[in-house]
Every structure is written in C-alpha cells, then in structure tokens.
Amino acid sequence: MSSHLGLAYHLTHRGNAQHTRYGWLRLTPAYSVHVVADLLKRYALTGDIVLDPFGGSGTTALACAERGISCISTDINPFLVWLARAKTRAYTPAEVKCFQQLANELIQHVDKVPPEVIWLPEIHQREKWWEPEVLSLLGALLYQIHRLHDTFAEPVIDLLKVAFCRLVISHSHASFNHQSMSFKKKCQPSLFSKIIDDLILTWQESINDIIRSMQTPIITLPAIHLHDARQLTTLIPKETVSFVITSPPYPNRMSYIRELRPYMYWLGFLQNGRDAGELDWQAIGGTWGVATSYVGRWSIPEDHGVPYPNFTDMIRRVAEHSDLLARYIAKYFVDMKQHITELYKVTKSNARIFYVVGNSKFYSVLVPTEQIIASLLQNMGFGEIEITLLRKRTSKKELYEYIVSARRS
Ligand SMILES: C[S@@+](CC[C@H](N)C(=O)[O-])C[C@H]1O[C@@H](n2cnc3c(N)ncnc32)[C@H](O)[C@@H]1O
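All figures in this text were calculated on a predicted structure; none of them were measured in a lab.

Conventions we followed
- Residues numbered from 1 in each chain as written.
- Predicted model: local features only at pLDDT ≥ 70, side-chain atom pairs only at ≥ 80, totals over all residues.
- Heavy atoms only, no water.
- Helix = DSSP H or I, 4+ residues; strand = E, 2+ residues; numbered from the N terminus.
- Rg over C-alpha atoms; globule rule 2.2 N^0.38 Å.
- Buried < 20%, exposed > 50% of the residue type's maximum accessible area, 1.4 Å probe, protein only.
- Contact = heavy atoms within 4.5 Å.
- Salt bridge = Lys/Arg side-chain N within 4 Å of Asp/Glu carboxyl O.
- Phe/Tyr/Trp six-rings, centres within 6.5 Å; stacked < 30°, edge-to-face > 60°.
- Domains from an automatic or database assignment.
- Buried area = accessible area lost by both parts, 1.4 Å probe.

Moving on: the overall build of the protein chain. A tally of helices and strands in the protein chain yields 14 helices and 12 strands. A compact globule built from 409 residues should have a C-alpha radius of gyration of about 22 Å, and the protein chain, at 22 Å, falls within 12% of that. Across its three principal directions, the C-alpha atoms of the protein chain cover 65 × 50 × 40 Å. Counting the 409 residues in the protein chain, one finds 56% classified as buried. Nonlocal contacts in the protein chain, meaning residues at least 24 apart in sequence, comprise 75% of its contacts between residues at least 6 apart.

Applying the stated criterion across every chain, the model contains 19 salt bridges. One salt bridge connects Arg230 with Asp335, and the closest N-O pair in it is separated by 3.2 Å. In this pair, Arg230 is assigned in the loop between strand 6 (223-226) and strand 7 (241-246) and Asp335 in helix 13 (residues 323-346), connecting sequence segments 105 residues apart. Among the residues examined, Asp335 registers a relative accessible area of 6% and is labelled buried. Of the charged contacts in the structure, one is a salt bridge between Glu259 and Arg258, with a shortest N-O distance of 3.3 Å. What emerges from the salt-bridge pattern is a single network uniting Asp228, Arg230, Lys331 and Asp335.

This part covers the packing of aromatic side chains. On inspection of all chains with the given rule, the structure shows 15 aromatic pairs. For the pair Trp130 and Trp266, a centre-to-centre distance of 5.7 Å together with 80 degrees between the ring planes defines the contact as edge-to-face. With a gap of 136 residues between them, Trp130 in the loop between helix 5 (126-129) and helix 6 (132-147) and Trp266 in helix 9 (residues 256-266) connect regions that are remote in the sequence. Judged by its relative accessible area of 0%, Trp130 falls in the buried class. When the ring of Phe243 is compared with that of Phe354, the centres are 5.8 Å apart and the planes differ by 45 degrees; the resulting orientation is tilted. Remark: Phe354 occurs in strand 8 (residues 347-358) and Phe243 occurs in strand 7; sequence separation between them is 111 residues.

Taken as a whole, the protein chain is organised into domain 1 (2-90 + 218-408) and domain 2 (93-213). The distance between the C-alpha centroids of domain 1 and domain 2 comes to 30 Å. On the side of domain 2, 29 residues touch domain 1, which itself brings 24 residues to the contact. Buried surface at the junction of domain 1 and domain 2, both sides included, amounts to about 2500 Å², of which 66% is carbon and sulfur. Considering only the side of domain 1, the residues that lose the most area to domain 2 are Trp24, Arg89 and Trp266, jointly responsible for 33% of the buried surface there.

This is the structure we're talking about:
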C-alpha cells in the first residue's frame, strides 16, 4: 500500500466551501473536489466518459462539467439528484438576473405572508431545529417560492430553493462540529426584529455568494440520474464508461437521510419518518428508522460471494457483540459486490477505477473496507489494484480514508 497524503483538511467536504458551486450547501457526505480534480488532471484523456455511481451532491459531475469532460452521475437519493442537477446547470444571464430580482422581492415581503397559508414540515422535534419565529419566516419564504412555480422557469426556482436551503441550516440549531449533525445548545431567545434582520442579511449574502460562485462556466452538461448503483446495466449500455471516480457510503452506520433530513423535509422529498427509513433501506449502508428493523431481518446468504479471506470470521466476531451490526456489515459488502458486478459490465477495456472509501471499527473488530473492496474488484476481473492512504479521519484512532484504484483489463 502506498501513502498519498496525511491528515488534511482540504481532503474533506470542508475543503469545498470556498470553491465555486461546490460550497453551495454544506453537506457532510460530500468528498473533496481537490481529490477529484487531482485524479482528473493526472489521468483523464480526451473522450473519456466518467461515471460516479454514488454521485451524491455532484462533486464529480461538477468537476467534469467545468473541464468539458462527459460525466454520468447516479444516486439513490432524490434530493441529492435535484441538488446535483441544480449545481451543474448552465444558467443563462437572464435566469441569473431573474433569480436576483425575485430573491430581493421575496425577502421584502417575508413578514407579510398570512399565517394561515404557511406550511411547516412534519420533521420530528421541529421546535428543536428552529425557533418558532424562524419557522414561520422560513414557511413564508417557501410559500412565496412555491407561488412562482407556474410563472418562472425551473432553473430560477431551483436557485431560489438552494438559497432557501442555506437559510434552513444557517438559522437552525444544527451543529456540524462532529462527523454527523447534532444540536447546538439553545441561546437566549432573540427579538423578532433581530431574527428577521439576521435572516434578510443571510439571504442577501447567500444570493450574492451563489451568483458570484456561478462564474465558472459549465462546458459539458453532465447526465445526472436517480438510479441504483446496483443496477447500472439498466441505465448505461455495456462497455461505455472509461473512468470511474466515486465515494460509496462507508460501513460506519452514518445515515445520509439523517444528515439531509432538514433539507429533504422542507423541500418535500420526505413527508414522515417512515418514508425516511424506507428510503434509507434502499441505500447501501442505510440504517435510519425502519431500515434498522429490515437489516435485523435480513439473512447473510451462505453463498455471499465476498472473497475477502477473513470476511466470515470478521462477521462472526462482530456478531459476538451485536447480531444486528454483523448483519449490517455483511449486507453492506453483499450490496457492494452487486454494484461492482454491474460496474464491470458498463466499463470499457482499460477503464480506470477510483473508489474513495473509509474503514470502520465496531467493538474491537476492524472492518478493512479498502481491502474488502479491493478483493471484490480483483475477484470481478479488474487488475492493477492499489490501495493508497488518503488521510487519517479525526473521529477515532485507526480510522482512515483510502483510494482503492483498479484498471479494467
Ligand atoms: C459518500 S456519499 C457520496 C458523496 C459525493 N461524492 C459528494 O461529493 O457529494 C455516498 C452516496 O451514495 C448514495 N447511495 C447509497 N446507496 C446507493 C445506491 N444503492 N445507489 C446509488 N447511490 C447510492 C448516497 O445517497 C450518497 O449520496
């Protein structure tokens, strides 16, 4: 195994914040644009078709779009597909101007919307997320955005929704100081006039920021699909893809639905907790709400086909502590095997493959994701397999992020 780079801030989603559209919304699952840019710079060839099967918020798609490289991106989460499309669109100057004008008009009327038309999302513990005044202002703003739907084009509405999402988080009690989202301690209640002034200021800053960050031209529009990475052949013709850069979920019980639920509830991608769990069950490594009970009922197939030599022993050792966790980890790799089987079929001869993955640890059992993914790739017929250390993750000792690379023969 070769070592690439040590512990480094710019190799996480935080490194994206200042970079054009990459920082539009702060999303923990996003990976670093610097890693993607570096791989493209080193290896991309004219005519490449890049695939990111776990495209998330569209980091790979945007990096390709800005460089004129064709890219297909898929994700199972409809909110992320919406966001990735919004981030990678080529907006016309007229659309940008219209967005700016509407944004200014909407915020001026935000405190004049009658309370009876305001809709609020059914997110669990809503009052823990937002102060009542903030909730009604956000509801009023969204009501006004929805009223524009029939009159204005989708790109303009999407930009308003991106700006709205920024307010949803900046005016919440969510804290991002940990690997996943938590709640800040509540401070003293503020006066309504102060809340509204703050909200207007943040809105205006966001609008300016979004417009400024759109300067980088989109040279090639990516194709972004709501699709399951375990069924790539139902979307992509065989032997199409020449370059894969992706970061699948890690087997660490982090739920993307959990992280993204404030946005997803406000924008109507989720209606209740049951939906959230059902959607997470569709995701590889999903473990939120009802997804956990489904994992508990899932059985490890005898012929699971994961070729890593210590796989069965690793699962057995985790099962000594938690049967549920053992099933969770096994299902993760069985799903990844299904994905890699499909990936092989849609890649061309000589295609380059790069997976950014993290290992995990449960009780005292280390789950060497990078080695297991490498074994799956090798078993599938990919060659030139290498594992490169990317960075040390800060949360726990022994937790690292790696790039697993391979080449289709
Ligand atoms: C680590 S994140 C990728 C983040 C992305 N690189 C970015 O910069 O935003 C993993 C992604 O895999 C998606 N995912 C999970 N299961 C999937 C599946 N079966 N098919 C497609 N996408 C899936 C999740 O929704 C999540 O967005």
